[in-house]
Amino acid sequence: MTITYDAVIIGAGQAGPPLAVRLAGAGRKVAIVERNQFGGTCVNTGCIPTKTLIASARVAHMARRAMEYGIGIDSSITVDMKRVKERKDAVVRRSNEGVEKWLRGTENLTVYKGHARFEDTRQLRIGDEIIEAGQIFINVGARALVPPLPGLDQVSYFNNSTMMKVDFVPEQLIVVGGSYVGLEFGQMYRRFGSEVTIVEMGPRLIRREDEDVSEAIREILQNESIHIRLDAECIALEKQGDKIAVALNCSTGDKKVTGSHLLLAVGRVPNTDDLGLDKAGVAVDQRGYVQVDDQLCTNVPGIYALGDCNGRGAFTHTSYNDYEIVAGNLLDNDKRRISDRITAYALYTDPPLGRAGMTESAVRKAGRKALMATRPMTRVGRAVEKGETQGFMKILVDAETKEILGASLLGIECDEVIHSILDVMYAKAPYTVIQRAMHIHPTITELIPTLLGELKPLDPSMNS
Ligand SMILES: Cc1cc2nc3c(=O)[nH]c(=O)nc-3n(C[C@H](O)[C@H](O)[C@H](O)COP(=O)(O)OP(=O)(O)OC[C@H]3O[C@@H](n4cnc5c(N)ncnc54)[C@H](O)[C@@H]3O)c2cc1C
């Protein structure tokens, strides 16, 4: 027997649950289908566990630095990974159970556990059951990419999901991939006590950022004795006794890195290959991302795609914003769009990188007449007081409109500080509004007006 709903949501990640609850609250008969863990990547294998582990790693790091602050610790610093993992598991469990309880406790909402596949444009199969709806919302997320490396089938390796089961400190961890996920895990495990090598095939870490940002992050990681191999295409993997050897194609340094454990962090692929999208006629791009318009509609009327699977963002906040856009359009007569949002994210190395809007290199490429200011964290009083002076702040503004174009803030608490800039960007106010604001002393944010007082024309001859 086919059960008919007004709306079905596939995936209980970051967009699905709030949308299901909103639609059910509006009196619609709704179903949500989840094949694995409630809360999806962010809650179970992404943001929440990694930031919880990073907090433990930072405690270990600060404990080792204690004497810099005049504090003695009368024993050696040890890391009990079982307890580190237990703490992480408890935080994850609270969140994951919270999502499930919320969904199951919502009136008008039915929860299905299983893998959903399209039968046609309206019907979905979950095991032996068939359900149908006039509106279907795809929120299936993404998973770690497994690159086709020779020898990969001969060795064991971790990805961000399997890494969550680790309750020991690997002796030597090789991280393949020098982008956001790889850097966060790399620094975290170095602080837990592993010898860490980050292998990146490109000429610099996190290539999406400006060169000076990549360089500063490389320095920060190397200061913690993390080995970094750039321009190092990973060409083969081999088991060597109880070790894993990674053969590298690189111009400098050893042609081989050997370690006890291997983490692959080389990108993500959307979970759209086993969804029966062809039966529904939903269009995907060459990489499998569901194609959507500015309001998250696919090419098939009544079918929407939200979150990582649409390729229009790869963050929890972009997925949640997708929910807000869909709910605004469907329920509030509020014509919100993806193109209204400003790029914003953080890299949670320590210190973190807070990013908003355009990079310097994007501003240069666009040929914008711009002003730019930079300031090292060594010249930020609060950072000096905290003994955390690594990194720098950079901001760019449009020379004519005075609107802020973008900022890269690499420094202690900059994942928070960036919001003072982001909100003014959303307000489309000139930078002088922040410059004239009285900020609280002593904070990192109080230096943003000072930074803006140091703006100079961007020299177009110096390409970043
Ligand atoms: C290591 C790591 C760290 C991260 N850290 C951050 C961070 O600090 N900040 C940040 O903003 N983002 C971070 N992210 C990214 C963030 O986790 C994702 O962008 C976010 O979870 C995407 O949410 P989503 O709703 O699109 O999908 P997901 O959260 O992935 O949820 C999709 C859900 O759909 C389910 N599903 C898939 N297919 C089916 C099917 N056919 N039937 C039924 N259910 C299905 C899945 O089981 C899953 O539960 C991180 C990611 C990783 C990997």
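Everything below is about the structure printed above this text.
Residues numbered from 1 in each chain as written. Predicted model: local features only at pLDDT ≥ 70, side-chain atom pairs only at ≥ 80, totals over all residues. Heavy atoms only, no water.

Where do I start with helix α8 (residues 316–331) in this structure?
Each α-helix turn comprises 3.6 residues. Residues three or four places apart therefore point the same way. Between its first and last C-alpha atoms α8 spans 22 Å; for 16 residues at 1.5 Å apiece the expected length is 22 Å, and the two agree. Those residues of α8 not exposed but buried are T318, S319, N321, D322, Y323, I325, V326, A327, G328 and N329. Buried residues in α8 make contact with α1 (16–25) and β6 (129–138). N333, located one to two residues past α8, shows a positive phi value of around 50 degrees. (Helix = DSSP H or I, 4+ residues; strand = E, 2+ residues; numbered from the N terminus. Expected span 1.5 Å × (residues − 1). Buried < 20%, exposed > 50% of the residue type's maximum accessible area, 1.4 Å probe, protein only. Contact = heavy atoms within 4.5 Å.)

What's the story with the site of the ligand in this structure? I'm lost.
Inspection of the region around the ligand gives 37 residues, with Q14, E34, T41, K51 and D308 positioned closest. In the environment of the ligand, an oxygen atom lies 2.7 Å from a nitrogen or oxygen atom belonging to the side chain of K51. Within the complex, the protein chains bury 93% of what would otherwise be the 1000 Å² of accessible surface of the ligand. Mapped by element, the contributors of at least two residues to the shell around the ligand are β2 (30–34), α2 (40–44), α3 (47–64) and α8. Of the residues belonging to the shell around the ligand, the class tally is 13 nonpolar, 19 polar and five charged. (Near = heavy atom within 4 Å. Polar contact = N/O pair within 3.5 Å; in protein donor to acceptor, adjacent residues only side chain to side chain. Areas by Shrake-Rupley, 256 points an atom, 1.4 Å probe, with all protein chains shown as cover. Nonpolar A, V, L, I, M, F, W, Y, C, P; charged D, E, K, R; others polar.)

Honestly, the pairing of strand β8 (residues 172–176) in this entry has me stumped. Any pointers?
A regular strand places its side chains so that they alternate between the two faces of the sheet. Of all five residues in β8, five are buried, a share of seventy percent or more. Burial of the side chains of β8 extends over both faces: Q172, I174 and V176 are buried on one face and L173 and V175 on the other. Here five bridges tie β8 to strand β9 (residues 195–199), and the two strands are oriented parallel to one another. The residue of β9 that forms the bridge with V176 is V199. What joins β8 to β9 is helix α5 (residues 180–192), and the crossover it makes is right-handed. Where β8 lies against strand β14 (residues 261–264), four bridges are found, and the strand directions are parallel. Opposite L173, over in β14, you have H261 as the bridge partner. (Pairing = 2+ DSSP bridges. Right-handed = clockwise from strand over helix to strand, strands pointing away.)

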